Amino acid sequence: MIQQLFFALLIIALGSFLIVQGRRRRIWSVILLLAASFFMYNLWEALNSGHIGFFVYSWLPDEVLNAHFYLSSSLEIEQTLFALLGILIGLVYLNIIYQNEQHSLNINTLLLLNFSALIILVSARDFIQFMAGSCAFSILSFYMVNDMAAKSKFVFYNFWAEMAVFTALALVYGETGSIVFDDLEKSASALRHPELAAGLLAAAVCVKAGMFPFQNQMLDFQHIPFNRAIDLSLLSTPLAALFMWAKLSPLLSEAAYIETVMKAIISVSVFWAVAGCMLADNIKAKTLYFNMLFWSFALSVLERDISLLYSGIVYLLPFLTILNVVMLMITVSASNEIYVSQMGGFCRNMKFTFFLSILAVLGFVSSIYAWEGMCPKIYLGLSLLALACCFNGVFLGRENADERVSALLGNASALYWFPLLLVVAGSLYLNWAQSWEAYAFWGSFLITTAFFPQKICRRWADSELLQDGDIVYVLYRIFLLSPLRLLGRVLWIAVDFVVIERSIIGSISQTSSLLVSAFHRMQETAWLNYLLLVFVGLLLILINWGYYGHG
Amino acid sequence: MDSPFALLSLIIAMPFLGMLFVLTIRDDDETAGRNAFNVCVFTLIANMIIIWRIFMVLDEDNHNLQLLESFRWLNNPGIDIVLGVDPFSLLLILGAHIAVLIGLAGIRGNVFRQKSLMIFTLLFLSMATGFFVAADIFSFYIFFEAMLLPLFMIIGIFGEVRKQGLISRFFLYNFIGAIVLFSATMIIYHYYGSVTLEKVSSLPLAGGAGFYVWGAICLSFLFRIPIWPFHYWISSINAGIRNPLAFTITALIPLTGLYGFIRFLPHDIPAFMETYIMWGNIIGVITMLFISLIGFINKDVQYKIFAYVTVYYIMYLLGIFTGDRMVSLNIGFSMFAFLIIVASLEILSSYIFHKEQENETSSRGFLCRARKLSYAYSFLVMAAVGLPLSSMFVNNYLILSKLLSANIKMGMLLIFSLALAGAGLLQELFRLKLENNECRLNKDDDISKAMFAFMLFIMFVLLMSFIKPLWFVVDE
């Protein structure tokens, strides 16, 4: 089934590129949505019938490097893709209804293509297909970013991450001669430099997932439209990072230090995400910090057991999507106001949205408890604290909105809330929490929301350094970029100009001109020159005679 | 003679005949340039069709020289001229032809010394093709040096900055290179007669003669490669040329040095040569780091492209030094895409530069308004930095894996240099894409539809090289 899905997505996406971006773009987008829904239905049927597809193309049938293009799947992969396809459909729908998106057809087409790249990545059985899928995923995501500063940061981070993966896998192939994932365990133990390969891969995973200190490539999405920020933080490189971790875990486990380093990075990332979620004033930034918290949690889960990616994390992603959409719905209801300090007390005019939001949180808690044992309670507590802080700032307390926002304040249109309500209700029905702990957490969340000391967070709303500053980038500029530039300039001036141009080329040139002038002077019509030449000739004859003897 | 219809001689003769044809064109300012251009394009396409035909009759799995053509040049002393190709050299010939064709697309509207440029381009291409199909030491030497004449003229006419200095450096390095290679050729001839290139690497040249011959061969090839301390003349030339075709042709100079190494270096490297190889590796890595750093900080796009070209050429050189046949073949496939990418990037950069000059404005933010140019430029930069958009991706993976397994430290430094050179190109892409209200260029300044269609074709060729490297070959 996966091969049909892959080729159908590819054809439909490429077809839609040919459609001129005109007034009917939403209609074409709806057609894309229907097509994606149809594919999901087909996948559902295939899953029920237990049909597992198999497609393999001998890509590089070389005796040295035998690379294949696999689209064959397992039940696990098909189920994973089914869950992710659900998210895709949700995001396509969101792009259609979100009025601020001017290029919904374009972005939806890119999303479908991105999903095709994801299929390549997920079903890869060798390094070549895996790297191609990962790069394609990054390239397509890059086209979805429409802010140049964010785009450039995204590209540079991912470029270095791809280079790290490329190097690590080249190292494995160079030392073991195998590119197949099935042999990875054996290859990893035979590696001469496992620490290096594992370190490079861990760095790539952290960069792609937007972990500390590489979080800014994801956080900069606060400068692009909200729908795109959601698309990119959910169905983009962090997801690729998880699959990267899962597929290459034998390599990562070869280096003992990786576990400690990853634990430290994840812990700092969690702290950073919670702090950001609470202190950031921009609701888009809050959402992105919340997603960072989720990805940190996902990595911490994978660190314990990689099989939980397929059996747990991908099923939590729809709930993360729902919470993201709730945030977006708040800005839509508030006439695109994005600053929480300019909100407050919205509950009076948006009772239904508030209700839906806390219901979505219940859905999130229930779904986490449905996969018992997977979730550390500290993560759940921190997530709920971050959400409580956000909801308190938006819905409760004193109203700070300006007149325009206040006048137009009201629940978002049914196009937003109705599907959301259906999904939340459905998820609650499916994952109705059996544990009292889940309700205790949710109850605590409600109490925290009601009594959160918002003043502490508001105090930081005007801090430019905190809200817009990029401390990590400043450090990167000071400690990496500037020294590199300085070194480059010094080398350029010192070696190119002084050593080569002035000394070497200059001395050759001077020597040549000296010789030329000497010969020139020797050719002049003066008896002393003739005498000198005769003398030099005689000298050469004598030297030759003395060296080679008489015979 | 194994070659049907003397195909190898034909691909050398075709550009030469084209050049003679261009020479006969009336030197009229209005039409001469256009006619010469058309003849040049036609000759190139015709030659590419013949090259395609050669691919059909070539055995792809056989890595020895095939389709051999032999001519007796002199009876006393007995010197034979032998021609032959393998998939590697044919790929390079095709890559060079496509690169020159792309370069031609970039100078379509030029009027300055167009006829002269076409004459020397065709002459260069004829000599370069001869060089790639040369299968004996004499024809190799003749074509290796014969390429210099058109190059000398092209640099003399189009090397716009510090022309005299460039020419003197060009002469100095290549003169020394010619002398040492000639002496090495003579020594080989003195001991073993007129031998084919395949046999050179297995000649039992030991002691002082071996040391000198191999030293001379390495030195003459190194002069053509921008490796420290010989890099400065090529960097001065490349950074000073604004004509995209002239740049593309001069960017092929290092390729000739690399090809020389591939043809001459024995697969089982003798012990006395390991010293040369070791120093070659050390100097190569230092040069890569050095040039990539300068390319990264330099704001001139021409230098960035030069830095990129240099870093990749040195990577190929280090790959050749591994002595692995698989690596050599992958270098051929990788270089095929590399040449196309460099030529395409150069013509687009040159287009942007000329628009900047015409309108006396900064090009920063130009790509925000020129969508067609933006698509093409972005694609090429992404392919250039090694993303899976051309054959460079898989082939570089194999080359780097071998280099890493041979020497991990060298490999890591090499990859760092590649990334830095790529980052330099990305910097330029984002400079062009960053919104700037002061940029007076707008969508009317975008590339023409015909040019965009050509670029789409180039992108297609690159993508196909990634999916199936020899996609254009149909087995008979």
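What you see is a predicted model; the values in this text were computed from it and never measured.

Student: How do you make sense of the overall build of chain A when you look at a structure like this?
Tutor: A tally of regular secondary structure across chain A gives 24 helices and two strands. For 551 residues, the compact-globule estimate of 2.2 N^0.38 gives 24 Å, and chain A exceeds it by more than 25% at 32 Å. Overall, chain A is about 115 × 55 × 55 Å in size when its C-alpha atoms are taken along their principal axes. Split into buried and exposed, the 551 residues of chain A put 56% on the buried side. Partitioning the contacts of chain A with sequence separation of at least 6, the portion at a separation of at least 24 is 81%. For chain A, the exposed surface amounts to about 24100 Å²; the carbon and sulfur share of it is 66%. Taking the 29 positively charged and 34 negatively charged side chains of chain A as two groups, their mean positions are separated by 10 Å.

Student: Got a minute to help me understand the side chain of E101 of chain A in this structure?
Tutor: All names here are of chain A. Along the chain, E101 turns up in the loop between α3 (75-97) and α4 (104-122). Of the polar contacts made by the side chain of E101, one reaches the side chain of R228; its length is 2.8 Å. Sequence-distant contacts of E101, that is, excluding residues within four places in its chain, are made with R25, R26, N95, I107, N227 and R228.

Student: For this particular structure, what's the right way to read a positive patch on the surface?
Tutor: Residues R477, R485 and R489 of chain A together with K299 of chain B make up a contiguous surface patch of positive charge. For R485 of chain A, the position within the fold is in helix α23 (residues 471-523). Residue class for R485 of chain A comes out partly exposed when judged on its relative accessible area of 33%.

Student: I would appreciate a short explanation of a nonpolar patch on the surface in the present structure.
Tutor: All names here are of chain B. A contiguous nonpolar patch, built from L149, F152, M153, F171, F175, I176 and I179 and spanning about 610 Å² of accessible area, is present on the exposed surface. Mapped onto the nonpolar patch, the elements with two or more residues apiece are α6 (148-158) and α7 (163-192). Top element by residues in the nonpolar patch is α7. It accounts for four residues. In this structure, M153 sits in helix α6. Judged by relative accessible area, which is 30%, M153 ranks as partly exposed.

Student: Sorry if this is basic, but what is going on with a negative patch on the surface here?
Tutor: Together, D62 and E63 of chain A together with D59 and D61 of chain B make up a negatively charged patch on the protein surface. Structurally, D62 of chain A is set in the loop between β1 (56-61) and β2 (66-70).

Student: Could you clarify how one ought to interpret the packing of helix α13 (residues 256-279) of chain A against helix α14 (residues 283-304) of chain A in this entry?
Tutor: Residue and element names in this part refer to chain A. In the contact formed by α13 and α14, the axes pass within 8 Å of each other and the chain directions differ by 155 degrees. It follows that α13 is roughly antiparallel to α14 by the angle criterion. Taken as a pair, α13 and α14 cross one another with a handedness that is left-handed. Of the residues in α14, those in contact with E259, M262, K263, I266, S269, V270, W272, A273, V274, G276, C277 and M278 of α13 are K286, Y289, F290, M292, L293, S296, L299, S300 and E303. Class assignment of the residues belonging to the contact of α13 with α14 gives a composition of 13 nonpolar, four polar and four charged.

Student: I would appreciate a short explanation of the pattern of salt bridges in the present structure.
Tutor: Side chains carrying opposite charge are able to pair once their charged atoms draw close together. Residues and elements named next belong to chain B. A complete count under the given rule lists ten salt bridges over all chains for this structure. Here D80 ties to R72 by a salt bridge, and the two come within 2.6 Å at their closest N and O atoms. Judged by its relative accessible area of 24%, D80 is partly exposed. On the basis of relative accessibility, which here comes to 47%, the residue R72 falls in the partly exposed class. The partner of E428 in a salt bridge is R431, with the nearest N and O atoms 3.0 Å apart. Of this pair, E428 and R431 both sit in helix α19 (residues 408-433), three residues apart, which is roughly one turn of that helix.

Student: I would appreciate a short explanation of the confidence of the model for chain B in the present structure.
Tutor: Low-pLDDT portions of the prediction should not be read for the details of their coordinates. Residue and element names in this part refer to chain B. Per-residue pLDDT for chain B averages 85, and the proportion of residues at 70 or more is 93%. The weakest mean pLDDT in chain B belongs to helix α10 (residues 231-240) at 71; the strongest belongs to helix α4 (residues 114-133) at 92. Taken together, the chains of this predicted complex give a pTM of 0.86 and an interface ipTM of 0.85.

Student: Honestly, the interface of chain B and chain A in this entry has me stumped. Any pointers?
Tutor: By a widely used convention, the size of an interface equals the accessible area lost when the partners come together. The interface is formed by 49 residues belonging to chain B together with 50 residues belonging to chain A. A combined buried area of about 4600 Å² lies between chain B and chain A, and 80% of that area is made up of carbon and sulfur atoms. In this structure, the connection of chain B to chain A is made through two residue pairs in polar contact (both at pLDDT 80 or more). Those elements that provide at least two residues to the side of chain B that touches chain A are α7, α10, α13 (271-297), α17 (371-384), α18 (392-406), α19 and α20 (449-467) of chain B. Its residues assigned to classes, the side of chain B that touches chain A comprises 37 nonpolar, eight polar and four charged.

Student: Please clarify how the state of the cysteines should be interpreted in this entry.
Tutor: Linking two cysteines covalently through their sulfur atoms gives a disulfide. For the structure shown, the criterion picks out zero disulfides over all chains. Cysteine C347 of chain A is unpaired, with the sulfur of C390 of chain A as its nearest cysteine sulfur at 14 Å.

Student: What is the right way to read helix α15 (residues 325-359) of chain B from this model?
Tutor: Each turn of an α-helix holds 3.6 residues, which means side chains three or four residues apart point in the same direction. Residues and elements named next belong to chain B. Under the 1.5 Å per step criterion, the end-to-end length of α15 is 51 Å for 35 residues, consistent within 8% with the ideal 51 Å. A large share of α15 lies buried, amounting to 29 of its 35 residues. By the N-cap criterion, in which a side-chain oxygen at the helix start approaches the backbone nitrogen of a residue two or three places on, α15 is capped by D324, the distance to M326 being 2.8 Å. Residue E360 follows α15 closely and has a positive phi angle near 45 degrees.

Student: Explain α4 of chain B here, please?
Tutor: Taking 1.5 Å of rise per residue, the 20 residues of α4 of chain B would be expected to cover 28 Å, and the 28 Å separating its terminal C-alpha atoms lies within 8% of that figure. A large share of α4 of chain B lies buried, amounting to 20 of its 20 residues.

Student: Even after reading the chapter, I still don't get the pairing of β1 of chain A, so can you show me in this structure?
Tutor: Moving residue by residue along a regular strand, the side chains alternate between the two faces of the sheet. Residues and elements named next belong to chain A. Relative to β2, β1 runs antiparallel, the two sharing five bridges. Residue pairing across strands places P61 opposite N66, the latter belonging to β2. Hairpin connection from β1 to β2: four residues lie between these consecutive antiparallel strands.

Student: I'm lost on the environment of L219 of chain B in this one. Help?
Tutor: Residues and elements named next belong to chain B. Summarising the element assignment, L219 is placed in helix α9 (residues 207-222). Assessed through its relative accessible area of 31%, L219 is described here as partly exposed. Along the primary structure L219 and I176 are separated by 43 residues, whereas in three dimensions their C-alpha atoms are 9.1 Å apart.

Student: Just to check I follow, could you spell out the layout of surface pockets for this structure?
Tutor: Here the idea is plain: a probe the size of a water molecule rolls over the atoms and shows the empty space left. In this structure, the second largest pocket spans a volume of roughly 1400 Å³. Along its surface, the second largest pocket is lined by 35 residues, and F156, Y473, Y476 and L481 of chain A together with Q427 of chain B are the ones closest to its centre. It is α23 of chain A that contributes the most residues to the lining of the second largest pocket, ten residues altogether. Residues belonging to the lining of the second largest pocket are distributed by class as follows: 23 nonpolar, three polar and nine charged.

Student: Is there a simple way to explain the nonpolar core in this structure?
Tutor: Looking at soluble globular proteins, one finds that nonpolar side chains tend to be buried together. Formed by 398 residues in total, the largest nonpolar core has its most connected members in F115 of chain A together with Y316 of chain B. Contacts of F115 of chain A, omitting those with residues within four sequence positions, involve L5, L9, L81, L84, L85, L88 and L235 of chain A. By size, the runner-up hydrophobic cluster in this structure holds eight residues, among which are I234, F290, I291 and A307 of chain B.

Criteria and cut-off values
Residues numbered from 1 in each chain as written. Chains lettered and ligands numbered in written order. Predicted model: local features only at pLDDT ≥ 70, side-chain atom pairs only at ≥ 80, totals over all residues. Heavy atoms only, no water. Helix = DSSP H or I, 4+ residues; strand = E, 2+ residues; numbered from the N terminus. Rg over C-alpha atoms; globule rule 2.2 N^0.38 Å. Buried < 20%, exposed > 50% of the residue type's maximum accessible area, 1.4 Å probe, protein only. Contact = heavy atoms within 4.5 Å. Areas by Shrake-Rupley, 256 points an atom, 1.4 Å probe, with all protein chains shown as cover. Lys, Arg positive; Asp, Glu negative; His and termini not counted. Charge placed at Lys NZ, Arg CZ, Asp CG, Glu CD. Polar contact = N/O pair within 3.5 Å; in protein donor to acceptor, adjacent residues only side chain to side chain. Patch = residues over 30% accessible without salt bridge, like charges linked within 9 Å, V, L, I, M, F, W, Y side chains within 5 Å. Salt bridge = Lys/Arg side-chain N within 4 Å of Asp/Glu carboxyl O. Axes fitted to C-alpha atoms, helices over the stretch in contact; angles between N-to-C directions. Parallel < 35°, antiparallel > 145°, perpendicular 65-115°, else oblique. Left-handed = near helix turned anticlockwise from the far one by under 90°. Nonpolar A, V, L, I, M, F, W, Y, C, P; charged D, E, K, R; others polar. pLDDT = per-residue confidence, 0-100. Buried area = accessible area lost by both parts, 1.4 Å probe. Disulfide = S-S within 2.5 Å. Expected span 1.5 Å × (residues − 1). Pairing = 2+ DSSP bridges. 1 Å grid on protein atoms, 1.4 Å probe; cavity = no way out; pocket = protein on both sides within 12 Å on 5 of 7 lines; lining within 4 Å. Points joined across faces, edges and corners; volume = space filled by probe spheres on them. Core = buried A, V, L, I, M, F, W, Y, C linked by side-chain atoms within 4.5 Å.

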